[in-house]
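Structural overview for review
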Amino acid sequence: MTSTQKRIKLNSDFNHILWFFLLLGAYLFAPSILAIIYATALKVEMNSAEFETIAIFAQAAGLFPVLALALYFSRHLFIEDWQKTKKRILYTILFIVAGAIAVWLLTTIVNIFYGLIGIEGTSENQESLESAVLSKYGLIMLIPIVFFAPIIEELIFRKFIFGIIEEKLKWSPWSAILISTVIFSVMHLLSGDFQYILLYLPQAFVMGMMYHFSKNNIFVPITIHFINNSLAAIGILVLRGLA
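In this convention, every chain numbers its residues from 1, walking through the sequence in written order. The model is predicted, so local features are restricted to residues of pLDDT at least 70 and side-chain atom pairs to those at 80 or more, both for listing and for counting; the totals for chains, interfaces and linings are taken over all residues. Computation of side-chain values covers all heavy atoms of the structure but excludes hydrogens and water.

**Brief notes about the packing of aromatic side chains**
This is how the line gets drawn: Pairing of aromatic rings covers Phe, Tyr and the six-membered ring of Trp, with a centre-to-centre limit of 6.5 Å; geometry is then stacked below 30 degrees between planes, edge-to-face above 60, and tilted otherwise. Secondary structure counts use DSSP, requiring at least four H or I residues in a row for a helix and at least two E residues in a row for a strand, with both numbered from the N terminus. Remark: exposure states derive from per-residue accessible area (1.4 Å probe, protein chains only) relative to the maximum for the residue type, with buried under 20%, exposed over 50%, and partly exposed in between.
In the structure shown here, the tally under the stated rule is 11 aromatic pairs. Measuring from ring centre to ring centre gives 6.3 Å for Phe113 and Tyr114, while their planes differ by 35 degrees; the resulting arrangement is tilted. Both rings, one in Phe162 and one in Tyr211, keep their centres 5.0 Å apart while their planes meet at 85 degrees; by these two values the pair is edge-to-face. Pair noted here: Phe162 is in helix α6 (residues 138-168) and Tyr211 is in helix α8 (residues 201-213), with a separation of 49 residues, a long-range link. Judged on exposure class, the residue Phe162 and its partner Tyr211 are both buried.

Shown next as structure tokens:
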């Protein structure tokens, strides 16, 4: 490899990692920063009911530009994977269906296991999701939960983290699956309630496997994630109707 080729490779690797951290940071902090700025401008207390409303709208408004930028700068990845999808449409559908069923089945088993060992309740992340869906602005919150989150999270955890481990570090695909699974799960438990990690490990592991077996087609885990979040939101609304 010539010195020019080495520089190009280093620049490519640096841009890949830099883009990952920028996307992760924007996804984690953009909605909160927007809510704080808006609340400060309106002189709203952060422990008030009005701030909760602001935070809900900020979640949707803050993630929209993040998603738009992610789609724009990753457009060549989506184009490449769309070509994979069209060439192997039946396999793609099979991976999606198998993945969605596996996530549902494993999550059900985990919930039964938690009940048997006496772990009650759910993670703070799940409680926040339920509060958002059950609020009077629930329909608005379905947009970031069902549509925005699957695309952004799969870009972060599968296309970028998985890609860095497999393509840049040259580790095995199974290393990429396991590491991205753990990181995905931990990132959903930033409040420290790690006793609920089994609620996220199966989902992340299945999506990592389906991503690998579909030849790193990002549309597969995105669709599985979309189905999972949709079913979760429907379940929350149904349980409210039965209560």
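**As for the environment of Trp171**
Keep this limit in mind: It only takes one pair of heavy atoms within 4.5 Å for two residues to be counted as in contact.
Here Trp171 is to be found in the loop between α6 and α7 (173-187). If near-sequence neighbours (up to four positions away) are discounted, Trp171 is found in contact with Ile165, Glu166 and Ile179.

**Digging into the confidence of the model for the protein**
We count it as follows: Per-residue confidence from the prediction method is given by pLDDT, with values spanning 0 to 100.
Of all residues in the protein, 92% have pLDDT values of 70 or greater, and the mean over the chain is 88. Throughout residues 3-11 the model reports pLDDT below 50, and contacts reaching past four residues in sequence, or to other chains, amount to 2 contacts.

**Some thoughts on the packing of helix α5 (residues 124-134) against α6**
We count it as follows: Whenever a helix is involved, its axis is fitted only over the stretch in contact; in every case the axis is a line through C-alpha atoms, and angles between N-to-C directions fall within 0 to 180 degrees. By the definition adopted for this analysis, an angle is roughly parallel if under 35 degrees, roughly antiparallel if over 145, roughly perpendicular if from 65 to 115, and oblique otherwise. The classification used treats Ala, Val, Leu, Ile, Met, Phe, Trp, Tyr, Cys and Pro as nonpolar, Asp, Glu, Lys and Arg as charged, and all other residues, Gly among them, as polar.
For the pair α5 and α6, interaxial distance at closest approach is 6 Å and the crossing angle is 135 degrees. By the angle between their axes, α5 is oblique relative to α6. From α5, Leu129, Ala132 and Val133 reach across to α6, where they touch Gly138, Met141, Leu142 and Ile145. Taken together, the residues of the contact of α5 with α6 break down into 6 nonpolar, 1 polar and no charged.

**Side note on the pattern of salt bridges**
To keep things clear, this is the line we draw: Definition used for salt bridges: Asp or Glu carboxyl oxygen within 4 Å of a side-chain nitrogen of Lys or Arg.
Per the counting criterion, the structure on display carries 3 salt bridges. Note that Asp81 is salt-bridged to Lys159, the shortest N-O span being 2.8 Å. Highlighted residues: Asp81 in helix α3 (residues 75-87) and Lys159 in helix α6, separated in sequence by 78 residues. As far as burial versus exposure is concerned, Asp81 and Lys159 are alike and both buried.

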